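# Working through the structure, step by step
Listed here are the chains, written in short residue letters.
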Amino acid sequence: MTKTTEVRRAPPLIPGMAVPAPGLTLSVAVISLLASLDLTGASVLARTLPQWSERLAGSATIAAAGRDLESADAAAARAAEILGRAPGVLSARVLDPSPMDVLAARALGLTVGGPSGAPPRLIAVTVRGGGGPTADQAAGLLRHDGLAVAVDDHGPWSGPLERLGAVLAGAMALLLISLVAILATVAGGSARRAIRGRRDRLSLLVQLGAASATLSRQFRGRAIASTTLGATLGTGAAVLAAGALAFDPPAAIWLSARLPAMPQPMALDVLFGALWLPLAIGIAAWAAHRAARTALRSLS
Amino acid sequence: MSRTPVKVLNKTETSEPVESAVVRLLRAAVTAGGAGSLSFVVPPGAAHILLGGPGSGKTAVLEMIAMARPPARGGVELFGRDLARLRPDDRPPLRRRIGMVFQQPRLVGELSARDNLALAVRAAGRHEAPFETDIKELLAWVGLGRRSHFLPGDLDVEGRRRLALARAVINRPDLVIVDEPAGEGSMAILRLLADLNQAGTPLLMATRDEDLAGRSGAEVSRLGGAVESPTPNGEQQS
């Protein structure tokens, strides 16, 4: 003979509290995604801007065009060679041709075209900090050798770039704080709405002797469940987004050419998720508990 | 329906200290103006009846004692505590010492008879499991032993009232408050209430039935409004 034992699950004290709130879960997911991407952006900025600034301080772009029968390619190669021999110059490299070179050269003030009408070529020059030739000296040196050139000293861009970095870092920090505040507001609002929708049951429970701490624990528990799910989904989406950005071949090539110090965004977001999850749960639990205690006061 | 006193209801064996008065009202009034004030005392183990017609404020007085509404003036003491001086956190433990049978039973429609009782246990912050026997015993006491899985909507009016009474006493209250037990099936409820009072639980009951108040032998406090009096042929009239 077999004996069956019925396993009975007690119905929830307050209806609907055993499942996460869809609205809160979705809101937390979006907030977590934005917070993760915000942190990724801040980290990339913090790592790359100082390097960019340092590079700009000791670099220049030179647009070279051929004169007479000399082609732009030959003129650029000759300019790179001349500059490469100059004291204090670390490197002088002819950049790969690009359709944008015409616009870049025009922006630098070089409108001279070669005999074939070919666009000027760009040369990237890096000098030793404080030791290389100035922009004027480099231009004079090349013009002396019969080259039509325009020199853009990147140094003056260094200061504004650093200021821009500070502004962006501040904006990102502000955004993160705002997202935390929004999370607390959303969690509190969700608890208040849930209480409004269950007023009859709650007033009965209060009359039966339920302590407001017991009741608010139910709303806190629901906020924790919703936030755990939402934050996991949100940071998971951020990890995938960062991963797609880092590993998508064209994007990876584009990024690695411009941001050599780019950190692994996926790993960064995973780390952020590990920190964000308990923070978000703590904030949502606190906000829901506080809102519930306040809202339940009117019933008791 | 079982008439055997059930263990859970027996208050005579309690070892807890007993206050000199379970309820004490001193010139208490529900509204600030017009209506008169009320003074009475319910001693431990006693039964007390509030007699008044419709709209006389019986329910409001009961709600005031059950801390569902504050008194407009006067003093209300419950188990020796002045309700005006209670902090919000002091109220739930006192409410747990009261079993309230509302005029409308206020049962949870989606929960079975058994789960309605279990809800009251859990609302009081207790675990359900140790109360399993009490729940069965009380459902049998009110005559719902075989209908424990019924939803309140599947029970008749009397069944719902009995269930409401069982829920009121599941947490072994020190005072049972009943609002208008008269009506369909009232005799069965009144017998259960008599059992309860005999087992030592103080009763505070509101009714418009003067005959019931007279027959009960309990202390009666009269409120305003026309009450129902018995006619010579036994019918009730307001």
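With that settled, consider the overall build of chain B. Looking only at helices and strands, chain B has seven helices and 11 strands in total. Of all 238 residues assigned to chain B, the portion counted as buried reaches 42%. Residue pairs in contact within chain B that sit at least 24 positions apart in sequence constitute 72% of those at least 6 positions apart.

Residue and element names in this part refer to chain B. At their nearest, the axes of helix α5 (residues 157-169) and helix α6 (residues 186-198) sit 10 Å apart, and the two run at 15 degrees to each other. What the angle tells us is that α5 and α6 run roughly parallel. Where α5 crosses over α6, the two elements pack in a sense that is right-handed. Seen from α5, the contacting residues are E158, R161, R162, L165 and V169; seen from α6, they are A188, I189, L192 and L196. Residues that form the contact of α5 with α6 fall into these classes: six nonpolar, no polar and three charged.

Looking now at the nonpolar core. Ranked by internal contacts, the top residues of the largest apolar core, which has 103 residues, are I65, A166 and I177 of chain B. Examining the composition of this core, we find that 11 residues originate from one element, helix α9 (residues 265-297) of chain A, more than from any other. Leave out the neighbours within four places in its chain, and A166 of chain B touches L117, L138, L139, W141 and V142 of chain B. Within the second largest apolar cluster, 25 residues are counted, among which are A75, A92, L122 and A138 of chain A.

Turning our eyes to something else, we now look at unusual backbone geometry. Residues and elements named next belong to chain B. At F79, a residue that is not glycine, the phi angle is positive and equals roughly 50 degrees. Turning to its location among the elements, F79 is positioned in the loop between β4 (73-78) and β5 (81-82). One non-glycine residue, R172, lies in positive phi territory at about 50 degrees. Along the polypeptide, R172 turns up in the loop between α5 and β7 (175-179).

What follows concerns the interface of chain A and chain B. The partner chain B presents 21 residues to the 14 residues of chain A that form the contact. Grouping the amino acids of the side of chain A that touches chain B by side-chain chemistry returns eight nonpolar, four polar and two charged.

Inspection of the secondary structure assignment puts E137 of chain B in helix α4 (residues 132-141). Between the C-alpha atoms of E137 of chain B and G52 of chain B, which are 85 residues apart in sequence, the distance is 34 Å.

Right, let's talk about the confidence of the model for chain A for a bit. Per-residue pLDDT for chain A has a mean of 81; in total, 84% of the residues score no lower than 70. Looking over chain A, one finds the lowest element-wise mean pLDDT in helix α8 (residues 249-258) of chain A, namely 50, and the highest in helix α6 (residues 199-207) of chain A, namely 92.

Residues and elements named next belong to chain B. A sheet is described by the order of its strands in space; here four strands give the open sequence β2-β1-β4-β5, paired in antiparallel fashion. In the strand order of this sheet, the two ends are held by β2 (38-42) and β5, each with one partner. Judged from the two bridges that link them, β4 and β5 form a sheet pairing that is antiparallel. Paired with E77 across the strands is D82, a residue of β5. Helix-sheet contacts for helix α1 (residues 58-65) involve β1 (23-29), β2 and β4, and the interaxial angle to β4 is about 55 degrees.

Note on placement: T227 of chain A falls in helix α7 (residues 212-247). Beyond its immediate sequence surroundings of up to four residues, T227 of chain A is in contact with V28, A187, A280, I281 and A284 of chain A.

Parameters and conventions
- Residues numbered from 1 in each chain as written.
- Chains lettered and ligands numbered in written order.
- Predicted model: local features only at pLDDT ≥ 70, side-chain atom pairs only at ≥ 80, totals over all residues.
- Helix = DSSP H or I, 4+ residues; strand = E, 2+ residues; numbered from the N terminus.
- Buried ≥ 20, exposed ≤ 12 C-beta atoms within 10 Å, placed from the backbone.
- Contact = placed C-beta atoms within 7 Å.
- Axes fitted to C-alpha atoms, helices over the stretch in contact; angles between N-to-C directions.
- Parallel < 35°, antiparallel > 145°, perpendicular 65-115°, else oblique.
- Left-handed = near helix turned anticlockwise from the far one by under 90°.
- Nonpolar A, V, L, I, M, F, W, Y, C, P; charged D, E, K, R; others polar.
- Core = buried A, V, L, I, M, F, W, Y, C linked by C-beta atoms within 7 Å.
- pLDDT = per-residue confidence, 0-100.
- Pairing = 2+ DSSP bridges.

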